Amino acid sequence: MNLSNTGGGGRGSDKGDIIGDVINHGKRKFWLRGGQFHYHHGLKAGEGTLEASLERLLLRSMNKNDGRFNKDDYLSAYISFMTTPNSHNDVYAGTCHRMFFANHVKGKDPNHCADNDGHNVDTIDALVPLIPIALSHLPSSSSSSNSATAALKKDIFDAINMNRKSPSLLPRYGEVYVGIVHASLLGRNLQETCEKAGAALGLNVKRMMQNTREDPMCACYIDSSFPTLLYYLHKYGENSPEEALIRSTNAGGENVARGALLGAVLGARHGLEKLPNRWVEGLVGEKEIRKEVNVFVDLAVKNAGRGGREGGGVCAQG
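(A) How the structure looks around the environment of Glu47. Topologically, Glu47 is positioned in the loop between helix H1 (18–22) and helix H2 (50–64). Judged by relative accessible area, which is 17%, Glu47 ranks as buried. Taking the C-alpha atoms as reference points, Glu47 and Val284, 237 residues apart in sequence, are found 5.0 Å from one another. The contact partners of Glu47, leaving out residues within four places of it in the chain, are Gly42, Asn89 and Val284.

(B) Broad picture of the pattern of salt bridges. Scanning the entire structure with this criterion turns up 13 salt bridges. Linking Arg56 and Glu292 is a salt bridge whose minimum nitrogen-to-oxygen distance equals 2.9 Å. Linking Arg56 in helix H2 with Glu292 in helix H14 (residues 286–306), this pair joins segments that are 236 residues apart in sequence. Residue Arg56 is classed as partly exposed on the basis of its relative accessible area of 24%. Glu243 is the partner of Arg247 in a salt bridge, and the nearest nitrogen-oxygen pair spans 3.2 Å. Residue Arg247 and its partner Glu243 are located together in helix H11 (residues 241–251), separated by 4 residues, close to a single helical turn. Judged by its relative accessible area of 37%, Arg247 falls in the partly exposed class. Under the relative-accessibility criterion, Glu243 is labelled partly exposed at 30%. If you follow the salt bridges from partner to partner, you end up with Arg56, Arg60 and Glu292 in one network.

Procedures and definitions
Residues numbered from 1 in each chain as written. Predicted model: local features only at pLDDT ≥ 70, side-chain atom pairs only at ≥ 80, totals over all residues. Heavy atoms only, no water. Helix = DSSP H or I, 4+ residues; strand = E, 2+ residues; numbered from the N terminus. Buried < 20%, exposed > 50% of the residue type's maximum accessible area, 1.4 Å probe, protein only. Contact = heavy atoms within 4.5 Å. Salt bridge = Lys/Arg side-chain N within 4 Å of Asp/Glu carboxyl O.

Geometry only, nothing functional implied.
In structure tokens form, the structure reads like this:
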């Protein structure tokens, strides 16, 4: 973190004031040259990172909008949350957030503040908001309509591109990820699902598994981090969701967003009862999180029962 740019994207000077004054208020001291602070320094055990806090923010926005994604509402909530001191305790904010607010303070229209530095924006954390998006378009065992698939693709695109500019690469991975969630909800075998997902991206997952001798560690960049996600799902996910999460965590690298995406698929495939209760009970704000999730799930199920919101998945269902 001591090499990161406090005034914009990627690595650079620690003299910028986006970090400290505009977002992550009072936390620029943790970014200064010579510092040795962990990316999530100061968080308590069980306390959510910035991205986890934004996931809850998205849930609350969707709950307010009858379980549906409303880009304008979430964009407004995002700007308010990020620019309010003490809204979260994380010290790190990724490049997409820093670039967004570097544009925002220049007076740009919020709908045009999303940016891309060509290296640090196309990352796996961009897919985390797609977890509730996937569940707001619950899959059907029968074929979905073209309009339902188009609506799902639009939500995927808008959720990703709200605060980062990635018109094709990240939505492609996002559609595949949502397909994995939907296939898991329908009870499909995770190994087969991962192999189909890999094929959709031009990746031979069986060969990857044969050639990978140790659990991989990788950085956040989507072209390497997504295959790593498929690895943990394929090797451990079908039989041992707890081991899958522990192995992914212990491997290191970018294991935070990967862990969130991994956990959502494992929950969809096996149910909450197959995940250790101590992990849930140990969450900071557990009661509030349960309430937010339960409201959202009730809305998702209700909307699916009305018809017209079944997503059908865009990839990997088979």
